[in-house]
Amino acid sequence: MSDRTGALDAVVFGVDIQSGDVRGDAPSYALVVFDGEGIERDVVSYRKLRRRINDERPTMVATDNMYELAEDKDALIHFLGSLPPETTLVQVTGGTDPEPLSRVASRHGVPYAKKPMKEAEAAARLAAANVGQAVTAFTNTTEIKVARGRSTGSGGWSEDRYTRRIHGSVKRRTREVESELDDAGLDYERDATEKYGGFSNAIFTVEAPPSDLPVSTERSGDVRIEIERQRRDGVEFEPLVKRRDRVIVGIDPGTTTAVAIVSTDGAVLDVLSTRTADTAAVIEWIIERGRPVIIAADVTPMPETVEKIRRSFDAAGWVPDRDLPVDVKQHRTREEGYDNDHERDAIAAAFGAYDANKDKFERIARETPPRQDQGAVLERVVADGQPLAEVLSDLREDDEDEEEQTDHVPRELTAEERRINRLETQVERLQDHVDTLEETIEQKDDRIDEYEQKLSDARSEQRRETRKSREVTRLERRNDQLERELETERERIEELEGKLERLKALWKLDHSNFADVAEKKAGLVPVKVIEQFTRDDIETADEKFGLAEDDVIFLRDASGAGRSTAQRLADINPKVVLRNGQLSDMADAILFDEEIPVAPAEMVTIQEVDELAVARESEVEEAMEDWHQRAEDRKREQSAEMVDRLISEHRADRPEG
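Residues numbered from 1 in each chain as written. Predicted model: local features only at pLDDT ≥ 70, side-chain atom pairs only at ≥ 80, totals over all residues. Heavy atoms only, no water.

## Notes on the overall build of the chain
Okay, step 1: A tally of regular secondary structure across the chain gives 17 helices and 21 strands.
Okay, step 2: A sequence separation of at least 24 residues applies to 62% of the contacts in the chain between residues at least 6 apart. (Helix = DSSP H or I, 4+ residues; strand = E, 2+ residues; numbered from the N terminus. Contact = heavy atoms within 4.5 Å.)

## A look at the nonpolar core
Okay, step 1: Among the nonpolar cores identified, the biggest contains 26 residues, and Ile248, Ile294, Phe361, Ile364, Val377 and Val382 are the most heavily contacted of them.
Okay, step 2: Those elements that provide at least two residues to this core are strand S12 (257-263), strand S14 (291-296), strand S15 (316-318), helix H9 (341-367), helix H10 (374-383) and helix H11 (388-406).
Okay, step 3: Among the elements that take part in this core, H9 stands out by supplying nine residues, more than any other.
Okay, step 4: Residue contacts for Ile294: discarding those within four places in its chain leaves Val247, Ile248, Val249, Ala315, Ala316, Trp318, Ala353, Asn357, Phe361 and Val382. (Core = buried A, V, L, I, M, F, W, Y, C linked by side-chain atoms within 4.5 Å. Buried < 20%, exposed > 50% of the residue type's maximum accessible area, 1.4 Å probe, protein only.)

## What about a positive patch on the surface?
Okay, step 1: On the surface, Arg459, Arg463, Arg467 and Arg470 cluster together to form a positively charged patch.
Okay, step 2: Checked against the element boundaries, Arg463 lands in helix H12 (residues 415-508). (Patch = residues over 30% accessible without salt bridge, like charges linked within 9 Å, V, L, I, M, F, W, Y side chains within 5 Å. Areas by Shrake-Rupley, 256 points an atom, 1.4 Å probe, with all protein chains shown as cover. Salt bridge = Lys/Arg side-chain N within 4 Å of Asp/Glu carboxyl O. Lys, Arg positive; Asp, Glu negative; His and termini not counted. Charge placed at Lys NZ, Arg CZ, Asp CG, Glu CD.)

## A short note on the packing of helix H6 (residues 279-287) against helix H7 (residues 304-313)
Okay, step 1: It is the contact of H6 with H7, at a shortest axis distance of 11 Å, that shows an interaxial angle of 50°. Taken together, the axes of H6 and H7 are oblique relative to one another. Handedness of the H6/H7 crossing: right-handed. Contacts from Thr279, Val282, Ile283, Ile286 and Ile287 of H6 reach H7 at Thr305, Lys308, Ile309, Ser312 and Phe313.
Okay, step 2: Considering only residue class, the contact of H6 with H7 consists of six nonpolar, three polar and one charged. (Axes fitted to C-alpha atoms, helices over the stretch in contact; angles between N-to-C directions. Parallel < 35°, antiparallel > 145°, perpendicular 65-115°, else oblique. Left-handed = near helix turned anticlockwise from the far one by under 90°. Nonpolar A, V, L, I, M, F, W, Y, C, P; charged D, E, K, R; others polar.)

## Thoughts on the packing of aromatic side chains
Okay, step 1: Inspection of every chain in the model, using the stated rule, returns four aromatic pairs.
Okay, step 2: Taking the centre distance of 5.7 Å and the plane angle of 65° together, the rings of Tyr188 and Phe204 count as edge-to-face. With Tyr188 in strand S7 (residues 188-195) and Phe204 in strand S8 (residues 198-206), the pair connects residues that are 16 residues apart, well separated along the chain.
Okay, step 3: A residue is classified by how much of its surface remains accessible, and Tyr188, at 22% relative accessible area, is partly exposed.
Okay, step 4: The exposure class assigned to Phe204 is buried, which follows from its relative accessible area of 0%.
Okay, step 5: Judged by centre distance (6.1 Å) and plane angle (25°), the rings of Tyr354 and Phe361 are stacked.
Okay, step 6: Among the residues examined, Tyr354 registers a relative accessible area of 10% and is labelled buried.
Okay, step 7: Above the ring of Phe351, the side-chain terminus of Arg332 is found at 4.1 Å from the ring centroid.
Okay, step 8: Sitting above the plane of the Phe592 ring, Arg634 keeps its charged end 4.2 Å from the centroid. (Phe/Tyr/Trp six-rings, centres within 6.5 Å; stacked < 30°, edge-to-face > 60°. Lys NZ or Arg CZ within 6 Å of the ring centre and 35° of its normal.)

## Regarding the confidence of the model for the chain
Okay, step 1: Considering every residue of the chain, the mean pLDDT works out to 83; 88% of them sit at 70 or more.
Okay, step 2: When the elements of the chain are averaged for pLDDT, helix H13 (residues 514-518) gives the smallest value, 39, and strand S4 (residues 60-63) the largest, 94.
Okay, step 3: Here residues 509-521 scores under 50 on pLDDT; set against residues more than four positions off or in separate chains, the count is 13 contacts. (pLDDT = per-residue confidence, 0-100.)

## What to know about the side chain of Ser456
Okay, step 1: Within the secondary structure, Ser456 sits in helix H12.
Okay, step 2: Its relative accessible area of 14% is what places Ser456 among the buried residues.

## A look at the sheet that holds strand S11 (residues 246-252)
Backbone-to-backbone hydrogen bonds pair the strands of a sheet. The strands run either parallel or antiparallel.
Okay, step 1: One open sheet holds the five strands; their spatial order is S13-S12-S11-S14-S15, and the pairing between them is mixed. Among the strands making up the open sheet, the edge pair consists of strand S13 (268-274) and S15. Along the sheet, successive strands turn relative to each other by an average axial angle of 25°, direction set aside.
Okay, step 2: Helix-sheet contacts for H7 involve S11, S14 and S15, and the interaxial angle to S14 is about 155°.
Okay, step 3: Relative to S11, H9 is tilted by about 140°, and along the sheet it contacts S11, S12, S13, S14 and S15. (Pairing = 2+ DSSP bridges.)

## Details of H9
Okay, step 1: For H9, with 27 residues, the first-to-last C-alpha span of 38 Å sits near the 39 Å given by 1.5 Å per residue.
Okay, step 2: Approximately 60° is the largest bend angle found in H9, and it occurs at Asn357. (Expected span 1.5 Å × (residues − 1). Bend = angle between axes of the 7 residues up to and from the residue.)

## A look at the side chain of Thr136
Okay, step 1: On the secondary structure map, Thr136 appears in strand S6 (residues 133-148).
Okay, step 2: Residue classification places Thr136 among the buried positions, given a relative accessible area of 15%.
Okay, step 3: When neighbours within four sequence positions are excluded, Thr136 is seen to be in contact with Leu80, Arg232, Gly234, Val235, Glu236 and Glu238.

## Side note on unusual backbone geometry
Okay, step 1: In this chain, Thr300 is followed by Pro301 through a cis amide linkage whose omega measures 0°.
Okay, step 2: Examined against the element boundaries, Pro301 turns out to sit in the loop between S14 and H7.
Okay, step 3: Unusually for a residue other than glycine, Arg57 sits at a positive phi of about 50°.
Okay, step 4: One can find Arg57 in the loop between helix H1 (46-56) and S4.
Okay, step 5: Accessibility expressed as a relative area gives 41% for Arg57, which makes it partly exposed.
Okay, step 6: The phi angle at Asp550 is positive, at roughly 70°, despite the residue not being glycine.
Okay, step 7: With respect to the helices, strands and loops of the structure, Asp550 is situated in the loop between helix H14 (535-545) and strand S17 (552-557).

## Section: a negative patch on the surface
Okay, step 1: Where like charges cluster on the molecular surface, the negative patch consists of Glu438, Glu442, Asp445 and Asp446.
Okay, step 2: Residue classification places Glu438 among the partly exposed positions, given a relative accessible area of 48%.

## Considering the pattern of salt bridges
Okay, step 1: For the structure on display, the rule yields 43 salt bridges.
Okay, step 2: As a salt-bridge pair, Glu307 and Arg310 come within 2.8 Å of each other at their nearest N and O atoms. Linking Glu307 with Arg310, this pair stays in helix H7, spanning three residues, or about one helical turn.
Okay, step 3: On the basis of relative accessibility, which here comes to 19%, the residue Glu307 falls in the buried class.
Okay, step 4: Within this structure, Glu40, Asp42, Lys48, Arg52 and Glu56 form a network of salt bridges that share partners.

## Details of H6
Because an α-helix packs 3.6 residues into every turn, residues spaced three or four apart end up facing the same way.
Okay, step 1: Turning to H6, its buried residues are Val282, Ile283, Trp285 and Ile286. Viewed end-on, H6 has its buried residues packed into an arc of 160°, placing them on one side of the element. (Arc of directions from axis to C-beta.)

## Brief notes about the packing of H14 against helix H15 (residues 563-572)
Okay, step 1: At a minimum axis separation of 9 Å, H14 and H15 run at an interaxial angle of 25°. What the angle tells us is that H14 and H15 run roughly parallel. Along the contact surface, H14 presents Arg535, Ile538, Glu539 and Asp542, while H15 presents Ser564, Thr565, Arg568, Leu569 and Ile572.
Okay, step 2: Of the residues belonging to the contact of H14 with H15, the class tally is three nonpolar, two polar and four charged.

## Thoughts on the pairing of S6
Okay, step 1: Along S6, twelve of the 16 residues are buried, which leaves the element largely enclosed by surrounding structure.
Okay, step 2: Here strand S5 (residues 88-91) pairs with S6 via three bridges, running antiparallel. When the sheet's bridge partners are listed, Gln91 is paired in S6 with Gln133.
Okay, step 3: Strand direction decides the pairing type here: S6 and S8, joined by six bridges, are antiparallel. Paired with Glu143 across the bridge in S8 is Thr205.

So, in structure tokens, the structure goes:
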């Protein structure tokens, strides 16, 4: 290999589409395996290419167009995710704005021809020389998911035990993974979902690529482990190495050190001025921005600090014949932007070196063939002081030696070798068929898992809906009951409000002065109503509102009472009994004998509200006074009758004559 590529310690796959299309059913690819010592060329199917990548795990898979390996962005991300952790996809023609492969190959001196196998070889050689952009869609954060390997489903009478066993297995494997990550010293976060008997799943978010993890994807019995890298927002490109072009560096040392980076075509690339950075920090800053071929100062002789930096890069030195005057520096840097005089002096020094070597730079650019590395020529001619013709001659000889090593005529195969090749081809076809069947089985397993998960989710949803329906039904029944109770209470409130209004009306007593009632001068007395003059109705009235001595009692129907009923009422000793209808002779006699006043109800104005009633006290007193008068008359009549009877009996007892 020439000095353009350097030593290669890893295997690189160069790939170019041979026939068909990745969007079709059976594309074939030209494959070049390049390991720095030899080249293997082959034409393979897409499936075989994937299998060889997985088996041999190359450092890079190089192509001039990444969409020759995937039909669209989603398929490309899937392809990137399926690559071994140590394998990188490289697009050698650049990133978002790729160049033609022929131009990139010519610029870096790589053999190229417009044939798939030659393009695959050119891609491999360019990637081996760290030319191109790495294609990536993932971060360095990886997610490890430990989950159930089978659905809990319906286990009949043993479902609880079955579910507990699976969740217990997931929890046990989760602890094992956690221990392995701790032993490996990896930073991670764990999020576990606890279920009956253990965990249903656990997710580890690990700050490491899959290649650094102590666990891998697996499926065993009750548990499965899935590993997935965190995706970026889209596909991104990263250079394989930071490009370091040859540059001219001007330095102004002192308390404030200033450094200017100028390209070999005279453009200022960057400027630095610092009070704190030491020489090592300045050198590191320069390394990040290019490879110096000239280190320049604006004074002569070259200051020791500048000379030390020059020796560290093994670059050529430049100083002016005499210290650059201020007016010359100002004039030369008039079109450049700088923050202070130190930066101006550093830029002026770099421009001085460029002006002194401008013709040499232009000659190198003009005479270096497109296939040659112009940077290497610049370094050997300017920094090492070698003649341009000698450098170009050496590079041409290196290219010829390399072409002789790579271009050879294959020999004729023997019959045995041809038979072996046929058998190997047959084995590959069978292996492809086996891969297809295994992939089909894996897809079906995934679909079964998906359906089982959907079934489990559907059952869970159905159970939730059933519980929800039962709860809704219960709440509806409860709501109906409460509404009925509310309606009953509303009716009762309306009834009580009606009673209240009637009570208020009673207090007014139609023609009474309401002010007198308010001042308690209305003279009202409560009246207790007994529907019929029977023992049962007397007891009922007693239970409802109590019958006591000196009560005013109203018999709505006074007929029909016998001795015991009349005696029961007399025992209460009411103040007066107001009656509708006539008392029986027996009841009348008993009440009269007990001196219970009895008066017709029409003598008293009675106002009723349901079971309650009131009457004017004055009318009650008048009724009682009337009874007392009638009672006196009745007693006189009874006394007269008794005297007449005694006289009659006495006369009857006397003898005649």
